[in-house]
Amino acid sequence: MDFSLSFEQQALVESLTEFVEKELYPHEDVVERERMVPKEIADDIKRKAREAGFVAMNMPEELGGAGLDYQTMAQVERVMGKPSTALSMLVKRPTKILLGCKGEQVDKYLMPCIRGEKVDCFALTEPHAGSDARAIKTAAVRQNGKWVINGVKQFISYADMADFVILFAVTGTDETPKGPRKRFTAFLIDKGTPGMTIKPMPSICTRGYNPNMIYLDNVTLDDGQILGEEGKGFDFANDWLYSGRIMLAAHCVGRAERVFKMACEWAGTRKAFGKTIGEFQGTGFKIADSAMDIRTAWLLVLECAWKMDQGTVTRHEASMCNLFASEMIGRVTDNAVQIFGGMGMMEEFPIQRFWRDARIERIWEGTSEIHRDVIARDLLKEYRS
Ligand SMILES: Cc1cc2nc3c(=O)[nH]c(=O)nc-3n(C[C@H](O)[C@H](O)[C@H](O)COP(=O)(O)OP(=O)(O)OC[C@H]3O[C@@H](n4cnc5c(N)ncnc54)[C@H](O)[C@@H]3O)c2cc1C
């Protein structure tokens, strides 16, 4: 494996970094204060991202994307992890699940997302079904040639801003040798569809990229709103699960690097007892531990991204990568708060924001416990009776 960057990759990382620092960082405070991205700022960022060619870098070239491989996307996500999540998400890298669009869906959903004109959100979790996704109850029932959907979704990021929802519902039950098994189907639901209500949920993390409740009360859809095939919703989403986990780990690395740099600057200039605090072993060890943590996470990302490109990454490798990076950013931001002392808790410094935002990384894209469970189950598989 050779992880050195090509000339083109290096140029991309540099121009993207410049874009992020110039166009996204200046808006972070207002997003924090207002808990949303003001529309004129969002529109301006989306336009500039389009003009700079930074939209849909993960999508195939023949559809207008940049067609980057996973190794290059890991470099992209590392840079895009540095700004606040709400701003980062405006430089759209559409979910690859949308590649399942067919017929009229291509022009209505896929292409506008690739052009950065439309935004989706992903609605799986329900009040009683988070980690245990197969326990979802939202049901789509066939009535008079249409699908009628009833249920409740919880914690759906960006649903308040999205143009449409990719929503998972139960469309029946199959009898299998292991007993009855639910059929899961993905639907595309436009904002404003009668019967669908979206309500933001105030949270302490990733302000502006807000979680929402979605209520579905007799939402009526045609067959044309099914994404992929009826009853194949999960198989379909699972195809993109590993890359999502690895790219999230790259995000964590980028964010951790930004926090780490701030912590180093503070440790190198803040004085106590006539010395810079970085000269005390108690601070220096935190710097050393954080540096090792970030480096290890990045090596895991690079290895997994390389394996994604070869088509050889395994479920537990993707889980290890996600788990290590999401716990790493918790340790790195906590160390940074400690190094900043009281200033680490003040709103005038972003350290407290990074620390709050880091906490969600151990919950979404699979909790730490679920990832540990996956790793242990895979590694012990051959010994199971
Ligand atoms: C800010 C935010 C944004 C989100 N965005 C989205 C989104 O856009 N779309 C979406 O569909 N979902 C989203 N989610 C939901 C997220 O994926 C879930 O919160 C996550 O899967 C955990 O589910 P839960 O919260 O119901 O916790 P639970 O599943 O109830 O888990 C609670 C605790 O029990 C533990 N636990 C559960 N089962 C096991 C087990 N088998 N072994 C060991 N421990 C276990 C968990 O690890 C956890 O510690 C978001 C959540 C948040 C907070």
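Residues numbered from 1 in each chain as written. Predicted model: local features only at pLDDT ≥ 70, side-chain atom pairs only at ≥ 80, totals over all residues.

1. Considering the nonpolar core
Burial of nonpolar side chains together is a common tendency in soluble globular proteins. So the rule is basically this: Any set of buried Ala, Val, Leu, Ile, Met, Phe, Trp, Tyr and Cys residues joined through C-beta atoms within 7 Å is what this text calls a nonpolar core. Here the C-beta atoms are placed from the backbone, and a residue counts as buried if at least 20 other C-beta atoms lie within 10 Å of its own, exposed if 12 or fewer do, and partly exposed otherwise. Elements are defined by DSSP. Helices are runs of H or I of four residues or more, strands are runs of E of two residues or more, and each kind is numbered from the N terminus. Think of it this way: build a C-beta for each residue from its backbone, and any pair within 7 Å is a contact.
If you look at the biggest cluster of nonpolar residues, it comprises 108 residues, and the most contacted ones within it are Ala123, Phe187, Ile246, Ala249, Ala297, Val301 and Ala325. Sorting elements by how many residues they give to this core places helix H8 (residues 241-269) first, with 14 residues. Each residue touching Ala325, except ones within four places of it in the same chain, is listed here: Ala249, Cys252, Val253, Ala297, Leu300 and Val301.

2. A closer look at the site of the ligand
Stated precisely, the cut-off is as follows: We count a residue as near a molecule or strand when its backbone-placed C-beta atom lies within 6 Å of that partner. Domain delimitation in this document rests on an assignment produced automatically or drawn from a domain database.
Close to the ligand lie 20 residues, the nearest being Leu124, Gly130, Ser131, Thr367 and Glu369. Elements with a contribution of two residues or more to the shell around the ligand: strand S1 (120-123) and helix H12 (368-380). Taken domain by domain, the shell around the ligand gets at least three of its residues from each of domain 2 (120-231) and domain 3 (240-383).

3. A few points about unusual backbone geometry
Residue Phe155 is not a glycine yet carries a positive backbone phi of 70 degrees. With respect to the helices, strands and loops of the structure, Phe155 is situated in the loop between strand S3 (146-153) and strand S4 (164-176). For Asn218, which is not glycine, the phi dihedral falls at a positive 55 degrees. Relative to the assigned elements, Asn218 resides in strand S7 (residues 212-221). On the basis of neighbour counts, which here come to 12 C-beta atoms within 10 Å, the residue Asn218 falls in the exposed class.

4. Structural notes on helix H3 (residues 39-52)
Rules: What a helix should span is 1.5 Å times the count of its residues minus one. The directions from the helix axis to the C-beta atoms are what the arc is built from.
Compared with the 20 Å implied by 1.5 Å per residue over 14 residues, the 20 Å span of H3 between its first and last C-alpha is a close match. Ile41, Ala42, Ile45 and Ala49 are the residues of H3 that are buried. Axial view of H3: buried residues confined to an arc of 100 degrees, hence all on one face. Every exposed residue of H3 that faces more than 90 degrees away from the buried side is listed here: Lys39, Glu40, Asp43, Arg47 and Glu51. Summarising the contacts, the buried residues of H3 are in contact with helix H1 (7-24) and helix H5 (85-88). Just downstream of H3 lies Gly53, where phi reads positive at about 80 degrees.

5. Quick notes on the environment of Val165
Its location among the elements puts Val165 in strand S4. A count of 26 C-beta atoms within 10 Å places Val165 in the buried class. Aside from chain neighbours lying at most four places away, what touches Val165 is Cys121, Ala123, Ala159, Ile189 and Ile214.

6. Considerations on helix H4 (residues 70-80)
Counting buried residues along H4, 11 of its 11 residues qualify, which places the element largely inside the surrounding structure. Next to the buried residues of H4 lie H1, H5, H8 and helix H9 (281-310).

7. Some words on the domain arrangement of the chain
This is how it is decided: Polarity classes work like this: nonpolar for Ala, Val, Leu, Ile, Met, Phe, Trp, Tyr, Cys and Pro, charged for Asp, Glu, Lys and Arg, and polar for all others, with Gly in that last group.
Each assigned domain of the chain is listed with its residue range as follows: domain 1 (7-95), domain 2 (120-231) and domain 3 (240-383). The distance between the C-alpha centroids of domain 1 and domain 3 comes to 21 Å. Contact residues are listed per partner, giving 15 residues for domain 1 and 20 residues for domain 3. Those elements that place two or more of their residues in the side of domain 1 that touches domain 3 are helix H2 (28-34) and H4. Considering each element in turn, the side of domain 1 that touches domain 3 owes the most residues, 8 residues, to H4. Here the side of domain 1 that touches domain 3 is built from residues that sort into 5 nonpolar, 4 polar and 6 charged.

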